[in-house]
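What the coordinates show
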There are 2 protein chains.
Amino acid sequence: MNNYMQIHKYLKQFDIKPSVQRTAVMDYLMTHKTHPTIDEIYSTLSPFMPTLSKTTIYNTLNLFVEKGAVLHLSIDEKNARYDADISNHAHFMCKRCGKVYDLFDLKQELFNKPQLKNFDIHSVEISYSGFCGTCTGMN
Amino acid sequence: MNNYMQIHKYLKQFDIKPSVQRTAVMDYLMTHKTHPTIDEIYSTLSPFMPTLSKTTIYNTLNLFVEKGAVLHLSIDEKNARYDADISNHAHFMCKRCGKVYDLFDLKQELFNKPQLKNFDIHSVEISYSGFCGTCTGMN
DNA sequence: TTATAAAACTATAATGGTTACAAAGATAAA
DNA sequence: TTTATCTTTGTAACCATTATAGTTTTATAA
């Protein structure tokens, strides 16, 4: 079974009808774990899909987020970022270079939804910011 | 000592030169713990300060955040939100009514900055979202 | 297969939050 | 008082996102 069919199956698990465009976007997110912006996704895919519209990227990602297949990250004030890894993990954004990194090795308790009687919590986002090792020369 | 002078002293602690406008904005943030948007701050202050410009609100809040006197919240994708309470606490945003609530009663460990050799972490933002009690009728 | 309806995609325009810029005003120093 | 610096202001520009309407594709059913 090829990758295209695997992604089809994966999308269907989230009640998302596969299409060429949707499959390409999910494929991009799965193979580029860089928390890309809309523009990055569009710029990369566009040469291979000449009729592709940026609106479709917007529509597709809004659908993915709505269906729970993709995380919308608000860590970057300038542009929305997207992440196909929906497992519990946090993010770090370097204030100098702007890269967004995954932080997997944190205690899982961090991601527990607090049980509060006045709030029905659906999602958690844990974001750190500062300088990355590449920018400080400390790695 | 009046409130105006107290706020002057407070701003100076953050190396911020007080001015009428800056004092008014900090006063607003301290007395309105609703995590207001730029527009809300401007709309409220404007009638009392007829020459006030919205650009000044932007400039002022950018300065406050830069100096560490105010937190910029990215929990609301639509508008930046600001919080004069810089102590460790998390936020909850209701996806129906849009209100942003403070969550103070969480374990302080949540706000510990993980010691990672490749990342120099300056700040932490913990955001929850879902439905609030008012919107679900459950309180 | 063909006709019809629904869904998805596309291009363009509109929206709206934020920043850039330049001029005017206020403050501080000499 | 003069000069320099900082702050504020209004306008214009920018740019990410959404709205809209038309086209294309896909699904349904006769």
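Reading the values: the criteria
- Residues numbered from 1 in each chain as written.
- Chains lettered and ligands numbered in written order.
- Predicted model: local features only at pLDDT ≥ 70, side-chain atom pairs only at ≥ 80, totals over all residues.
- Heavy atoms only, no water.
- Contact = heavy atoms within 4.5 Å.
- Buried area = accessible area lost by both parts, 1.4 Å probe.
- Salt bridge = Lys/Arg side-chain N within 4 Å of Asp/Glu carboxyl O.
- Polar contact = N/O pair within 3.5 Å; in protein donor to acceptor, adjacent residues only side chain to side chain.
- Helix = DSSP H or I, 4+ residues; strand = E, 2+ residues; numbered from the N terminus.
- Nonpolar A, V, L, I, M, F, W, Y, C, P; charged D, E, K, R; others polar.
- Phe/Tyr/Trp six-rings, centres within 6.5 Å; stacked < 30°, edge-to-face > 60°.
- Buried < 20%, exposed > 50% of the residue type's maximum accessible area, 1.4 Å probe, protein only.
- Lys NZ or Arg CZ within 6 Å of the ring centre and 35° of its normal.
- Axes fitted to C-alpha atoms, helices over the stretch in contact; angles between N-to-C directions.
- Parallel < 35°, antiparallel > 145°, perpendicular 65-115°, else oblique.
- Least-squares fit on C-alpha atoms with pLDDT ≥ 70 in both.
- Near = heavy atom within 4 Å.
- Domains from an automatic or database assignment.

Taken together, the contacts link 31 residues of chain B with 31 residues of chain A. On the chain B side of the interface with chain A, the three residues burying the most area are F119(B), H122(B) and Y128(B), jointly 20% of the side's total. At the boundary of chain B and chain A, one finds zero salt bridges. Counting across the chain B and chain A interface gives 13 residue pairs in polar contact (both at pLDDT 80 or more). Broken down by secondary-structure element, the contributors of at least two residues to the side of chain B that touches chain A are β4 (100–103) and β5 (119–132) of chain B. Here the element with the most residues in the side of chain B that touches chain A is β5(B); it accounts for 14 residues. When its residues are assigned to classes, the side of chain B that touches chain A shows 15 nonpolar, eleven polar and five charged.

Taken as a whole and assessed by the stated rule, the structure comprises eight aromatic pairs over all chains. Summarising the aromatic geometry, the rings of Y10(B) and F14(B) are spaced 5.1 Å apart at their centres and angled 65° between planes, so their arrangement reads as edge-to-face. Overall, the relative accessible area of 17% leaves F14(B) in the buried class. What links up through ring pairs into an aromatic cluster is the set F92(A), Y101(A) and F119(B). The ring of F131(A) carries the charged tip of R96(A) above its face, separated from the ring centre by 4.9 Å.

Residue and element names in this part refer to chain B. Contact geometry for helix α1 (residues 3–13) and helix α2 (residues 20–31): axes closest at 10 Å, N-to-C directions at 100°. Classified by the interaxial angle, the pair formed by α1 and α2 is roughly perpendicular. Two secondary-structure elements touch here, α1 through N3, Y4, I7, H8, Y10 and L11 and α2 through V20, R22, T23, M26, D27 and M30.

Mapping chain B onto chain A leaves a residual RMSD of 0.1 Å; the transformation is a rotation of 180° accompanied by 0.0 Å of translation along its axis. Here the two chains are linked by the operation of a two-fold rotation axis. Minimal C-alpha distance to the rotation axis in chain B is attained by I126(B), lying at 2.4 Å. Of the residues that chain B buries at the interface, 100% are likewise interface residues in chain A, meaning the two copies contact each other through the same surface.

Further remarks concern the protein's contact with DNA strand D. Around DNA strand D, the structure places 18 residues, and the nearest of them are Y58(A), S19(B), Q21(B), T51(B) and T56(B). Each atom of DNA strand D within 4 Å of the protein was classed as base or backbone; sugar and phosphate made up 80%. Taking T56(B), its side chain carries an N or O atom lying 2.6 Å from a phosphate oxygen of DNA strand D. Listing elements by their share of the surface near DNA strand D, those giving two or more residues are α4 (54–67) of chain A together with α2 and α4 (54–67) of chain B. Of the residues belonging to the surface near DNA strand D, the class tally is four nonpolar, ten polar and four charged.

Among the 18 residues in the neighbourhood of DNA strand C, the closest are listed as S19(A), Q21(A), T51(A), T56(A) and Y58(B). Close to the protein, within 4 Å, the atoms of DNA strand C belong to sugar or phosphate groups at a rate of 80%. In the model, a phosphate oxygen of DNA strand C is placed 2.4 Å from a nitrogen or oxygen of the S19(A) side chain. Only α2 (20–31) and α4 of chain A together with α4 of chain B provide two or more residues apiece to the surface near DNA strand C. Residues belonging to the surface near DNA strand C are distributed by class as follows: four nonpolar, ten polar and four charged.

On to the side chain of H91(A). Residues and elements named next belong to chain A. Relative to the helices and strands, H91 resides in strand β3 (residues 90–94). With relative accessibility at 3%, the residue H91 sits in the buried group. A distance of 3.1 Å separates polar atoms of two side chains, one belonging to H91 and the other to H89. Engagement of the side chain of H91 in a polar contact is seen with the side chain of D102, the distance being 3.2 Å. In this structure, H91 is in contact with H35, L73, I75, D83, V100, Y101, D102, L103, I126, S127 and Y128, ignoring residues within four places of it in sequence.

With that settled, consider the domain arrangement of chain A. Residue and element names in this part refer to chain A. Taken domain by domain, chain A consists of domain 1 (3–83) and domain 2 (90–136). In this structure, domain 1 and domain 2 have C-alpha centres spaced 21 Å apart. Listed per partner, the contact involves ten residues of domain 1 and ten residues of domain 2. On the domain 1 side of the interface with domain 2, the three residues burying the most area are H35, I75 and R81, jointly 63% of the side's total. Seen at the junction of domain 1 and domain 2, the total is zero salt bridges. Elements supplying a minimum of two residues to the side of domain 1 that touches domain 2: β1 (71–73) and β2 (81–83). Partitioned by chemical class, the residues of the side of domain 1 that touches domain 2 number two nonpolar, four polar and four charged.

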